[in-house]
Amino acid sequence: MAATATRITQLLVAKPCVSASHQSSRSSIACFGSETKGTSWTKLRSSSFLPATQTFYKTCHNNASKPQRHAVKAMAAGGDKQSLPGLPIDLRGKRAFIAGIADDNGYGWAIAKSLAAAGAEILVGTWVPALNIFETSLRRGKFDESRVLPDGSLMEIAKVYPLDAVFDSPEDVPEDIKANKRYAGSSNWTVKEVAESVKQDFGSIDILVHSLANGPEVTKPLLETSRNGYLAAISASSYSFVSLLKHFLPIINPGGATISLTYIASERIIPGYGGGMSSAKAALESDTQVLAFEAGRKHNVRVNTISAGPLGSRAAKAIGFIDMMINYSLENAPLQKELTADEVGNTAAFLSSPLASAITGAVVYVDNGLNAMGVGVDSPVFRDLDIPRAPKN
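Throughout this description, residue numbers start from 1 for each chain and increase along the sequence as written. Predicted model: local features are reported for residues with pLDDT of at least 70 only, side-chain atom pairs are reported and counted for 80 or more only, and whole-chain, interface and lining totals are derived from all residues. As a rule here, side-chain values come from all non-hydrogen atoms in the structure, and water together with hydrogens is ignored.

### What to know about the pairing of strand β8 (residues 302–308)
For step 1, the next point in the chain: Note on exposure labels: buried denotes an accessible area under 20% of the residue type's maximum, exposed denotes more than 50%, and partly exposed covers the range between, all computed with a 1.4 Å probe on protein chains only. Here a strand is any run of E in DSSP of at least two residues, a helix any run of H or I of at least four, and the numbering for each starts at the N terminus. Summarising burial for β8: seven of the seven residues are buried, a large majority.
For step 2, the next point in the chain: Here β8 shows no split at all, with R302, N304, I306 and A308 on one side and V303, T305 and S307 on the other all buried.
For step 3, the next point in the chain: Pairing between strand β7 (residues 252–262) and β8: six bridges, direction parallel. Within β8, the position partnered with T258 by the bridge is V303.
For step 4, the next point in the chain: By convention a crossover is right-handed if, when the strands point away from the viewer, the path from the first strand over the helix to the second runs clockwise. Read as a crossover between parallel neighbours, the route from β7 over helix α7 (residues 277–299) to β8 is right-handed.
For step 5, the next point in the chain: A pair of strands counts as paired when DSSP detects no fewer than two bridges linking them. Of the pairings in the sheet, the one linking β8 to strand β9 (residues 363–366) comprises four bridges and is parallel in character. Within β9, the position partnered with T305 by the bridge is V363.

Printed below as a string of structure tokens:
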């Protein structure tokens, strides 16, 4: 395992998306729209408990169960100025730290890709026990296919930092964790130390993304959840965001943005999503509002959270019924299509951009509208009603 955070510098020469006479760079302007061309992205799985993302493109059909393909088009920096078909998402010159990426299969990875496609520099915080696997996969090119940006270049990760957001400072780390072989060889991985390392390496950031959660007793009903299990879920899934913002806020440039990920179980009953995780998400949403006020007044930094629908990532598989939730959403959401990780990534890029400069303290739903439903229309009680359905081929 790497002794400290490792710099990842691999970057392919990009294929320009504006003109064949231009050479494209990593910095770019992104504009959002639907594309019908391109290559399907391979879904890769990994072995970390931290959420990280799926890929950007998914094959698009009119079939209700097939996801659409959404592209973030990158325009080369420099060269001829051309009008863009829509509002530009321009994050050139911005730097983002995404906490909670340990593979290329969850929302964190998709957010990183959208930010990179818009021109942002990407820093990553990876759970310490997953660090070696993640860095090895990067070096060996296992993520290369899912690193491809719309302009043909690979997403560059400027630096990977070991991170365990459960611990604020070295003094908080118990002896059994210090002696754990999965942490051997890594250092400076508490929240305070990572913030200090980022400051030393880069000076400042503009975007902070919290894409991590863990509930050791998530499969237990709340009445069967232990105090330790409940508090562990709160610590890893909600207070970790408070700690990250507390320690990173001094190095977030004014006008910066922070984003976390929540889930509808914070406000609705989702049987099976237990162990205190629903409480942790409710706390995260409440904290988003309070922190929006405090960070906004003190540092002119915006704080929002995205309530994302179900995604079949490796981390979500730990819950045990994610496939049922995806099918439930397909049957009952206003938009009858599978949610893709890039749709969440694109929303994060917007919320991080100047286009969202007046949005803070918000819970933004990216779930095909499922949050708006009061009943499940697939219930037998509605069998005699003429329920509209998405057209099929």
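### Describing the environment of T360
For step 1, the next point in the chain: Secondary-structure assignment places T360 in the loop between α10 (341–352) and β9.
For step 2, the next point in the chain: With relative accessibility at 39%, the residue T360 sits in the partly exposed group.
For step 3, the next point in the chain: Counting along the chain gives 102 residues from T360 to T258, while the straight-line C-alpha distance between them is 9.3 Å.
For step 4, the next point in the chain: Contacts are residue-level and defined by heavy atoms, with any inter-residue pair within 4.5 Å sufficient. When residues no more than four places from it in sequence are discounted, the contact partners of T360 are A292, R302, V303 and N304.

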